[in-house]
Every structure is written in structure tokens, then in C-alpha cells.
Amino acid sequence: GTFRPDAAVSRQEAATILARYLDTCGPLLDYSQNTDVKFADAEEIAGWAELSVEKLVRFGLFRGDDRGR
């Protein structure tokens, strides 16, 4: 509910911004990559960002680190 132009952007906010941008590309993008990436810190992903993170994992842009985070 606030506008904070100088605040840092979180990973889930960045994921949502990027996924929404990629959605504007429409059918040009293939989100069908079959991947079973499960993040160890998945419970920290807000509900509103879950679909965006999933899309970016399927698209191959998000992979996580060696600890599964």
C-alpha cells in the first residue's frame, strides 16, 4: 500500500515483474520445460509470487543455488 521508489526489490517482486513482462510476449515463449526444482525456502515465497516463480523455473531463468534456495 505504499510507494517506495528507493526500496530494494525482493527476489519474488523481481520474479513477478519479469514473469508479467514475459507474459506480454504471449505464445512466443515455451513454459513447458519439465523440471522438478523444489526450493528449500519455498515457504518464504509469498502466495502472490508463487506462479511467477514457477513460470521462471519452467522457462529456465530461475534455478536456485547449490543449497536449493
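You'll find the structure just up there.
Residues numbered from 1 in each chain as written. Predicted model: local features only at pLDDT ≥ 70, side-chain atom pairs only at ≥ 80, totals over all residues. Heavy atoms only, no water.

Q: Run through the overall build of the protein, naming residues and quoting values.
A: The helix and strand tally for the protein stands at 2 helices and 0 strands. In the protein, which comprises 69 residues, the share counted as buried stands at 20%. Within the protein, residue pairs in contact and separated by at least 24 positions form 78% of the contacts whose partners lie at least 6 positions apart. Entry remark: accessible area of the protein is about 5400 Å², with carbon and sulfur atoms responsible for 52%. (Helix = DSSP H or I, 4+ residues; strand = E, 2+ residues; numbered from the N terminus. Buried < 20%, exposed > 50% of the residue type's maximum accessible area, 1.4 Å probe, protein only. Contact = heavy atoms within 4.5 Å. Areas by Shrake-Rupley, 256 points an atom, 1.4 Å probe, with all protein chains shown as cover.)

Q: I'd like to hear about helix H2 (residues 50-59), residue by residue, with values.
A: Every buried residue of H2 is listed here: Ser52, Val53, Leu56 and Val57. Summarising the axial view, the buried residues of H2 lie within an arc of 135°, below the 170-degree limit, and thus occupy one face. Turning to H2, the residues buried within the fold contact helix H1 (11-23). (Arc of directions from axis to C-beta.)

Q: With reference to specific residues and values, describe the nonpolar core.
A: The biggest cluster of nonpolar side chains holds 9 residues, and these are Ala15, Ala19, Leu22, Phe39, Ile45, Ala49, Val53, Leu56 and Val57. Looking at this core, the elements with two or more residues in it are H1 and H2. (Core = buried A, V, L, I, M, F, W, Y, C linked by side-chain atoms within 4.5 Å.)

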